[in-house]
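A look at the structure
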Amino acid sequence: MSKEINGFSKLSKEEKINWIADNFFTNSPTAKRILKQYWNEDEKLQKLHDEFSENTLSNFYLPFSIAPNFLINEKKYSIPMVIEESSVIAAASKSAKLWFDLGGFKSKVISKIKTGQVHFIYTGDEVAITSYFNYIKSILIQDTKTITSNMEKRGGGIVDISLIDKTLDMKGYYQINVSFDTIDAMGANFINSCLEQISKSFRNKTDGFKEFIIKSNDIKIIMSIVSNYVPDCLVKAEVSCKVEELNKKEDFNDFCGKFVQAVKIAELDTYRAVTHNKGIMNGIDAVAIATGNDFRAIEAGIHAYASKDGKYKSLSHAKIEKGIFCFSIEIPLALGTIGGITNLHPLVKLALNMLDNPKAEELMEITAAVGLAQNYSALRSLITSGIQQGHMKMHLINILNSLEVSESEKRSAVEYFKDEIVNNNNVQSFITKLRKSNEI
Ligand code: MEV
């Protein structure tokens with residue numbers, strides 16, 4: 001039963017744990033022990049993690065894994081990925097190795113522009129506000145200089161700023177649309193700071209405009225915020241090879257034909273498209289988390305992009321042309337390799353180091369390739385053995401751990417299930433039988 005408390009954030013970490021353990025658990029010492037079990041002994045490191053967020057009680061582990069043997073744009077990578085789903089890394093690695101032998105992934109950033117918006121209401125004359133915007137535009141840019149000067153030195157900054165009339169959608173609704181190049185930063189904080197300055201100047205500098213009378217109070221700023229929809233921050237990754245070559249590698253006569261049909265189904269049917277794209281996100285999110293990127297923003301942007309034609313569709317596409325099988329993905333990916341927690345979280349720093357400290361563009365190319373590799377592996381299983389065979393083999397250890405088996409029982413089960421179907425019942429009855437036979 002939930003309890004209420006005022007000033008929780010002001011309590012010390014120890015006090016917070018005590019309050020949670022004593023109020024929510026019958027066995028309070030166990031709850032405290034579990035929470036503290038995940039503390040790092042290195043106090044400085046623990047403090048760093050505590051301070052990433054508010055009200056931190058403990059750390060939440062996820063596996064930090066490596067998918068080796070990726071060849072992307074002729075460069076070899078071992079890719080750090082953070083994910084709990086047991087079959088994802090094996091799937092990515094398998095696909096990476098297969099495509100390594102077939103020439104690797106080609107990946108290319110198409111565009112790198114992000115957008116932010118100031119949403120405001122003005123119910124006066126449209127000509128007056130348009131003319132005010134044209135007058136104030138250069139001042140708005142000038143007023144952000146203290147924020148943008150460093151980014152400009154790196155070659156980025158505000159790319160464009162325009163007024164959009166949305167009054168047909170809602171009475172008096174306009175947007176100031178600002179596009180940005182944030183170079184190697186994901187840039188949300190930078191963009192939001194610029195937008196807040198722009199909205200202030202836009203509202204407060206009406207006095208200098210003489211052509212029409214516009215008062216500050218005529219402009220109601222609703223909000224100023226980055227958009228996580230980034231259709232102009234796009235990357236495309238692809239693999240291709242001769243149809244016979246892939247059919248032979250996969251040891252399946254019509255592998256390519258069936259694969260193309262499976263992708264087509266995800267282009268046609270939304271139920272399938274969502275699962276298909278979820279498989280792609282298994283790879284993308286895992287790289288995003290390992291490299292300290294905001295996977296929620298990425299998810300939101302990518303799924304919106306999947307619906308850009310008015311219907312939610314597959315993010316990847318496959319075709320056979322003149323005997324060549326081609327499989328590709330085009331996705332918006334606003335990734336950063338500086339800022340945020342990228343130079344704070346030791347494992348993120350290590351992950352970026354492993355990738356040779358890439359620029360944001362290179363990380364976009366890597367991440368898109370991993371998404372495509374993941375999608376390839378899932379489809380490969382789906383159209384051949386079915387997904388459960390590989391998936392449940394990888395999940396076996398989780399089932400065994402949930403049954404609290406001993407290490408020797410685990411070894412026997414892994415051996416036995418090499419050629420048997422893995423599911424909860426089969427594993428449970430194998431362990432029961434094994435224990436009975438050991439009693440005799
Ligand atoms: C499971 O995490 C992902 C898949 O369902 C993706 C797919 O169906 O394409 C296997």
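This report concerns the structure included in the present document. (Residues numbered from 1 in each chain as written. Predicted model: local features only at pLDDT ≥ 70, side-chain atom pairs only at ≥ 80, totals over all residues. Heavy atoms only, no water.)

This part is about a nonpolar patch on the surface. Together, Ile 66, Leu 347, Leu 350 and Met 354 give the surface a local cluster of nonpolar side chains, amounting to about 310 Å² of exposed area. Looking at the nonpolar patch element by element, the count peaks at 3 residues for helix α12 (residues 346-354). One can find Met 354 in helix α12. Exposure remark for Met 354: the relative accessible area of 37% places this residue in the partly exposed category. (Patch = residues over 30% accessible without salt bridge, like charges linked within 9 Å, V, L, I, M, F, W, Y side chains within 5 Å. Areas by Shrake-Rupley, 256 points an atom, 1.4 Å probe, with all protein chains shown as cover. Salt bridge = Lys/Arg side-chain N within 4 Å of Asp/Glu carboxyl O. Helix = DSSP H or I, 4+ residues; strand = E, 2+ residues; numbered from the N terminus. Buried < 20%, exposed > 50% of the residue type's maximum accessible area, 1.4 Å probe, protein only.)

Quick look at the packing of aromatic side chains now. How two aromatic rings sit relative to each other is given by the distance of their centres and the angle of their planes. This model, assessed by the stated rule, comprises 26 aromatic pairs. Residues Phe 255 and Tyr 376 carry aromatic rings whose centres are separated by 6.1 Å and whose planes lie at 55° to one another, so their mutual orientation is tilted. Separated by 121 residues along the polypeptide, Phe 255 in helix α9 (residues 255-268) and Tyr 376 in helix α13 (residues 360-383) bring together distant segments of the chain. Tyr 376 carries the same exposure label as Phe 255, and that label is buried. Seen from their ring centres, Phe 327 and Tyr 376 are 6.3 Å apart, and the 55° between their planes marks the pair as tilted. Remark: Tyr 376 occurs in helix α13 and Phe 327 occurs in strand β10 (residues 324-332); sequence separation between them is 49 residues. (Phe/Tyr/Trp six-rings, centres within 6.5 Å; stacked < 30°, edge-to-face > 60°.)

For the rest of this paragraph, the subject is the pattern of salt bridges. Tallying each qualifying case throughout the model produces 24 salt bridges. In this structure, Lys 13 and Asp 50 form a salt bridge, with 2.8 Å as the shortest nitrogen-oxygen distance. With Lys 13 in helix α1 (residues 13-24) and Asp 50 in helix α3 (residues 43-50), this residue pair connects regions lying 37 residues apart in the sequence. Here the two residues Lys 13 and Asp 50 agree in accessibility, since each one is buried. For Lys 319, the salt bridge goes to Glu 321, with nearest N and O atoms at 4.0 Å. For Glu 321, a relative accessible area of 47% corresponds to the partly exposed category.

Its 14 residues give helix α4 (residues 88-101) an end-to-end C-alpha distance of 20 Å, which sits within 8% of 20 Å, the value for a rise of 1.5 Å per residue. Considered for burial, the residues of α4 that qualify are Val 88, Ile 89, Ala 92, Ser 93, Ser 95, Ala 96, Leu 98 and Trp 99. Positive backbone phi, at 110°, marks Gly 103, one or two positions downstream of α4. (Expected span 1.5 Å × (residues − 1).)

This brings us to the site of the ligand. All residues in the neighbourhood of the ligand are listed as Glu 85, Arg 272, Thr 275, His 276, Lys 278, Gly 279, Asn 282, Ala 378, Leu 382 and Ile 387. In this structure, an oxygen atom belonging to the ligand sits 2.8 Å away from a side-chain N or O atom of Arg 272. At 2.9 Å from an oxygen atom of the ligand is found a side-chain nitrogen or oxygen belonging to Asn 282. Protein chains shield 85% of the accessible area of the ligand, which is 300 Å² for the free molecule. Among the elements of the structure, α10 (270-290) and α13 are those that each provide at least two residues to the shell around the ligand. For the shell around the ligand, the leading source of residues is α10, giving 6 residues. A class-by-class count of the residues in the shell around the ligand yields 3 nonpolar, 4 polar and 3 charged. (Near = heavy atom within 4 Å. Polar contact = N/O pair within 3.5 Å; in protein donor to acceptor, adjacent residues only side chain to side chain. Nonpolar A, V, L, I, M, F, W, Y, C, P; charged D, E, K, R; others polar.)

A sheet is described by the order of its strands in space; here 4 strands give the open sequence β3-β8-β10-β9, paired in antiparallel fashion. Across the chains shown, the open sheet's two edge strands, defined by having one partner strand only, are β3 (106-109) and β9 (316-321). The sheet shows a mean angle of 20° between the axes of neighbouring strands, direction not considered. Helix α11 (residues 295-306) contacts β8 (234-242) and β10 of the sheet and is inclined by roughly 120° relative to β10. (Pairing = 2+ DSSP bridges. Axes fitted to C-alpha atoms, helices over the stretch in contact; angles between N-to-C directions. Contact = heavy atoms within 4.5 Å.)

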